[in-house]
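Per-entry structural report
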Amino acid sequence: MISDPAAELRSRGLQVTAQRLAVLRTISANPHVTAEAVTSEVRAEIGSVSVQAVYDALATMVEVGLVRRIQPAGSAARFEDRVADNHHHLVCRDCGCVVDVDCSVGAAPCLTASDDHGFDIDEAEVAFWGRCPRCQSATDPQSASQGADDPLTESTPHHKENKNE
Ligand SMILES: [Zn+2]
Ligand SMILES: [Zn+2]
Ligand SMILES: [Zn+2]
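These lines cover the structure that appears in this document, whether it is placed above or below.

Here we come to the sheet that holds strand E5 (residues 98–101). With mixed pairing, the three strands of this open sheet are ordered in space as E5-E4-E6. Since the sheet does not close on itself, it has two edges, and those belong to E5 and strand E6 (127–130), each with one partner. Averaged over all neighbouring strand pairs, the angle between strand axes comes to 25°, with direction disregarded. Of the strand pairs in this sheet, strand E4 (residues 88–92) and E5 are connected by four bridges, and their pairing is antiparallel. Bridging from a neighbouring strand, valine 91 pairs with valine 98 of E5.

Here it is, written out as C-alpha cells:
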C-alpha cells in the first residue's frame, strides 16, 4: 500500500495532480484493478475525468515504475502498486480474479534463465492459471447434486489457448 501518494509522485519526478492522486489511491486500494474500473472510481472521487486522462496517468505511472501493469492472456490490462519485487499471479480461468503469489523464497530464482542469450533480465512473467476456490465450490458436484444432468449453461472452456501470442 502506498501511504503518501503525493510523495510517491514527487519522488518519481511527476507533478502532483488531483487525477494522478485519485488514480494512484484507487490502484493502491484495489490491486489488479482494470483501467475501466479505475476510471469509474476516479470519477466517483473527483468528478468528470476523461478516459484518455486516466489512461495517460496510468501510462505515465507505469513508465516511471510507480505502478505495474499486468495483462493475463484474454484479460484486460490490470494495474497494481506492488512493484519491483517480481511477484507472480494466480489467475482464475472462470471469474478472472487475480491473486498475488510470491516468487520462490530468495532472490527471484525464476529470473535465472538457463540461457539468458546475453539479455539483462529484470522480470519473469509467470502466471499460474486455474480455478479459484469460489469458482470451484460454485460447480462442486456435491453442492450441485440436484438435477444431475443440468446443462452447465455458464460453463466456459477451461483451457483457453493463448491465441494472442
Ligand atoms: Zn474464480
Ligand atoms: Zn500483483
Ligand atoms: Zn519467480
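Attention now goes to the environment of leucine 111. By the secondary structure assignment, leucine 111 is in the loop between E5 and E6. By the C-beta count within 10 Å, which is 13 here, leucine 111 ends up partly exposed. Measuring from C-alpha to C-alpha, the distance between leucine 111 and glutamate 123 comes to 6.5 Å, with 12 residues separating the pair along the chain. Residues within four places of leucine 111 in sequence aside, it is in contact with Asn86, Ile121 and Ala124.

This part is about the packing of helix H3 (residues 35–46) against helix H4 (residues 51–63). The N-to-C vectors of H3 and H4 enclose an angle of 115°; their axes lie 10 Å apart at closest approach. Helix-helix and strand crossings are classified by hand; for H3 and H4 the assignment is right-handed. Contacts between H3 and H4 involve Ala35, Val38, Thr39 and Val42 from the first element and Val51, Val54, Tyr55 and Leu58 from the second.

Cut-offs applied
- Residues numbered from 1 in each chain as written.
- Chains lettered and ligands numbered in written order.
- Predicted model: local features only at pLDDT ≥ 70, side-chain atom pairs only at ≥ 80, totals over all residues.
- Pairing = 2+ DSSP bridges.
- Helix = DSSP H or I, 4+ residues; strand = E, 2+ residues; numbered from the N terminus.
- Axes fitted to C-alpha atoms, helices over the stretch in contact; angles between N-to-C directions.
- Buried ≥ 20, exposed ≤ 12 C-beta atoms within 10 Å, placed from the backbone.
- Contact = placed C-beta atoms within 7 Å.
- Left-handed = near helix turned anticlockwise from the far one by under 90°.

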